[in-house]
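Spelled out from the first residue to the last, the chains are:
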Amino acid sequence: MSLNPGTPNRNGGSNTPTGPLTPNTIATKLSELDLPAPSSLNLAIPSPSAASASASGAPDSAASFASAQSHLSEQLAHLNLPEPEALQAARAHKRTESRSQDIAETLSRMNLPQPEHIFGPDEGGSAAPNNKAPAAKQGVRPEDWENVMQDEVPEAVKSPALAHARRESRSQNNAPSSTVPPSDPATAATHTPAASASASAKDQKITPFDVQGAVDADGKELGIDYDKLANKFGAIPVDHALLERFERLTGRKPHPLMRRGTYYCHRDFSLILDRYERGEQFYLYTGRGPSSDSMHMGHLIPFLFTAWLQEVFDCACVIQVTDDEKYLLDRDAKKQQALLKKAPQDKRGPYWILDKYYEMGQTNIADIIACGFKQEKTFIFSDLDFVGREFYRNVVLMAKTITNGQAKGVFGFSDSDNIGMYHFAAVQSTPSFCNSFPQIFGARTDIPALIPCAIDQDPYFLLCRDAAEKLKYRKPALLLAKFLPALQGAGTKMSASQPNTCISLSDQPNEIRNKIRRHAFSGGGATQEEHQRNGGNPDVDVAYAYLGYFEEDDEKMARLAKEYRAGTLSTVQMKDECIAKLTEVVAGFQERRAQVTPEAIRAFQDATRAIDPSLRPPASVSL
């Protein structure tokens, strides 16, 4: 046959189309052709004439045709032809729907709670359906919760910190997008302001990567509630009895940062004093994440305090410089882009940025040395240089104890955070285990670390303390500090990227004076007359707070507070007292910093250097 235009067909007709050659036209022409049945299929298809004859000559033609259809079906079944894709998809969809419906019906009969709204006793906040009285709270019953907590639950999960993180996340996710208006107009008039006030209130947020004070319903910043934070993390207050015991054992008056409440809570510090009283070893561990070439006053305080503790106990100290973490931090993306713009064209790449953090870390090590650490008792290391061998073995052991869910719950990570940040939790925890430093402690695993740090770092060590039990290591002890507020006052934190919020260790006397006078938040009256009449509040005065970090004389601090409250000491006079003390502290630091040589920086980082971990005998024994 031919489907070319103008060729005759078998019946003498012409195939010349009257219009364009379309699929419908071709199908019509094919239906007019008397084509033979395909011979390769071996099908016995009754011809129309045979069917006609059978219909006219036999009364059972319907039965014969049915028999032919059955015969045809059997022959098609033997061909093993593929099932049409559409039919396969339809059957699969039907099976899936059937299984889903069966599962849904089974679950509905089980009367299970909504998993995302499970809370501990008295935590409330559930958005699950509740057919009980409106005042009834939902969640796990206290007796059931106790049964759950009797099982092997990690310390980080037992801590209220994770429960708080879950509640905060769920309350945000479950917050209704719109409020159904009440039917009573009077109720509506009072309901709307309450709803908007509640929406403007915000709880404080404290993580290793973010510090924000609470905000009340009127939008007023409330600062940081440190007692609430200690309860949230399950830390123990540093009380008067603990300070008395410290003084009795060491023969030294507690540091101003301890007795004035900057280091205000702890984990197992009493056990460290027990070991010291028995003459058993422990060591100090602290660290620095290099984010700038020069540290500020907020960075200086924990190092000055740790160096003071080393001098009191004469113990070993390890200091971790986390140059790797600062590169991994997504919040530093803008800073890294700024670094790239300053870099030469041939150095604009990730490796150059990582190397820049390493250089900042080396500069910061010189600052740390200037705080007064003993070279024969101190090992300072860069993660980019030192991590390996025994240290990395502990990193691997630690990493396996931390689940993805724990990292998200404790640190607030999300799916968009890079995998390095998840893993860094194991890296920062590893110096807490003494066998990470064989040049100091050999293969021993029974020597605990004492870690002075700000309370925002505590989540790292909640996980670390939990892992220590699993790894058969000693749990680290912690002394947890409040934040040194920015010059702008409570609820803020110093930032090297915002020079007017902090006193830099490279500031000159005139810069310190200008920053304190212009930017330090004052607790005094709005005018001199008002201040003299009503007095000031030293509890919120930044100049008084800064002075308290360094002034040894308790009587002087009490006198300044009394005169300030009485209005006889002006705001300017209080700031001048602060300026004099800070200028003295910064000048002393700068003098020591100028004496730190490149050779000293290398010596402190020498991992082959033997360090004596022994302690000074306690005063009560030596006497």
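About the criteria used
Residues numbered from 1 in each chain as written. Predicted model: local features only at pLDDT ≥ 70, side-chain atom pairs only at ≥ 80, totals over all residues. Heavy atoms only, no water. Helix = DSSP H or I, 4+ residues; strand = E, 2+ residues; numbered from the N terminus. Buried < 20%, exposed > 50% of the residue type's maximum accessible area, 1.4 Å probe, protein only. Contact = heavy atoms within 4.5 Å. Areas by Shrake-Rupley, 256 points an atom, 1.4 Å probe, with all protein chains shown as cover. Pairing = 2+ DSSP bridges. Right-handed = clockwise from strand over helix to strand, strands pointing away. Core = buried A, V, L, I, M, F, W, Y, C linked by side-chain atoms within 4.5 Å. Arc of directions from axis to C-beta. Polar contact = N/O pair within 3.5 Å; in protein donor to acceptor, adjacent residues only side chain to side chain. Expected span 1.5 Å × (residues − 1). pLDDT = per-residue confidence, 0-100. Phe/Tyr/Trp six-rings, centres within 6.5 Å; stacked < 30°, edge-to-face > 60°. Axes fitted to C-alpha atoms, helices over the stretch in contact; angles between N-to-C directions. Parallel < 35°, antiparallel > 145°, perpendicular 65-115°, else oblique. Nonpolar A, V, L, I, M, F, W, Y, C, P; charged D, E, K, R; others polar.

A look at the overall build of the protein chain
For the protein chain, the count of helices and strands is 29 helices and 11 strands. Across the 623 residues that make up the protein chain, the buried fraction comes to 40%. The contacts of the protein chain with a sequence gap of at least 6 include a subset with a gap of at least 24, amounting to 74%. Total accessible area on the protein chain stands at roughly 34,100 Å², and carbon and sulfur atoms take up 53% of it.

Looking at the pairing of strand E11 (residues 477-481)
Of all five residues that make up E11, five are buried, and the element is covered over most of its length. Alternating residues of E11 divide into Ala477, Leu479 and Ala481 and Leu478 and Leu480, and every residue in both groups is buried. Across five bridges, strand E10 (residues 449-454) lies against E11 in parallel orientation. In the sheet register, Ala454 faces E11, and the bridge partner there is Ala481. At this point the chain moves from E10, through helix H22 (residues 458-471), to the parallel E11, and the crossover so formed is right-handed.

Let's talk about the sheet that holds strand E7 (residues 283-288)
The seven strands lie next to each other as E5-E6-E11-E10-E7-E8-E9, forming an open sheet whose pairing is mixed. Edge positions in the sheet fall to strand E5 (236-237) and strand E9 (378-382), since each of these pairs with one other strand and no more. Where E5 meets strand E6 (residues 263-267), two bridges bridge the pair, whose relative direction is antiparallel. Its bridge partner lying in E6, Ile236 is registered against His266.

Remarks on the nonpolar core
A general trend in soluble globular proteins is that nonpolar side chains are found buried together. Membership of the largest hydrophobic core comes to 75 residues, with the highest contact counts inside it found for Ile516 and Tyr546. It is helix H13 (residues 297-313) that provides the largest number of residues to this core, a total of 11 residues.

Some thoughts on helix H9 (residues 226-233)
Regarding H9, the residues found buried are Tyr226, Leu229, Ala230, Lys232 and Phe233. Along H9, the residues classed as buried sweep out an arc of 160° about the axis, all on the same side. Among the exposed residues of H9, those pointing more than 90 degrees away from its buried face are Asp227 and Asn231. Measuring from the side-chain oxygen of the N-cap residue of H9 to the backbone nitrogen of Asp227 gives 3.3 Å; that N-cap residue is Asp225. Backbone geometry just downstream of H9 places Gly234 in the positive-phi region, at approximately 75°.

Digging into helix H27 (residues 571-594)
Each α-helix turn comprises 3.6 residues. Residues three or four places apart therefore point the same way. Here H27 spans 34 Å end to end across 24 residues, near enough to the 34 Å set by a 1.5 Å rise per residue. Listed in full, the buried residues belonging to H27 are Thr571, Met574, Lys575, Cys578, Ile579, Lys581, Leu582, Val585, Val586 and Phe589. Contacts from the buried residues of H27 go to H13, helix H16 (350-369), helix H23 (509-519), helix H24 (528-534), helix H25 (542-550) and helix H26 (554-566).

Description of the environment of Gln337
Among the secondary structure elements, Gln337 is positioned in helix H15 (residues 333-342). Note on Gln337: relative accessible area 47%, which makes it partly exposed. A sequence separation of 16 residues divides Gln337 from Ile353, and the C-alpha atoms of the two residues are 9.0 Å apart.

Observations regarding the confidence of the model for the protein chain
In this model, the protein chain carries an average pLDDT of 78, and 69% of its residues clear a pLDDT of 70 or more. Across residues 5-15 the pLDDT falls below 50, and counting only partners more than four positions away or on other chains, this stretch makes 12 contacts in the model. Predicted confidence for residues 116-140 stays below pLDDT 50, and this span has 34 contacts to residues more than four positions away or in other chains.

Structural notes on the packing of aromatic side chains
Per the stated rule, a full pass over the model turns up 28 aromatic pairs. Arranged with centres 6.2 Å apart and planes meeting at 55°, the rings of Tyr226 and Phe483 form a pair that is tilted. Here Tyr226, found in helix H9, pairs with Phe483, found in the loop between E11 and H23; they are 257 residues apart in sequence, far enough to count as distant. Measuring from centroid to centroid gives 5.2 Å for Phe282 and Phe313, while their planes differ by 80°, and the two rings are edge-to-face. With Phe282 in the loop between helix H12 (269-278) and E7 and Phe313 in helix H13, the pair connects residues that are 31 residues apart, well separated along the chain.

Quick look at the packing of H25 against H26
The interhelical angle for the contact between H25 and H26, taken along N-to-C directions, is 170°, at an axis separation of 11 Å. On the basis of their axis angle, the class for H25 and H26 is roughly antiparallel. Counted together, Tyr544, Leu547 and Gly548 of H25 and Met557, Leu560 and Ala561 of H26 form the full contact between these two elements. In terms of residue class, the contact of H25 with H26 is built from five nonpolar, one polar and no charged.

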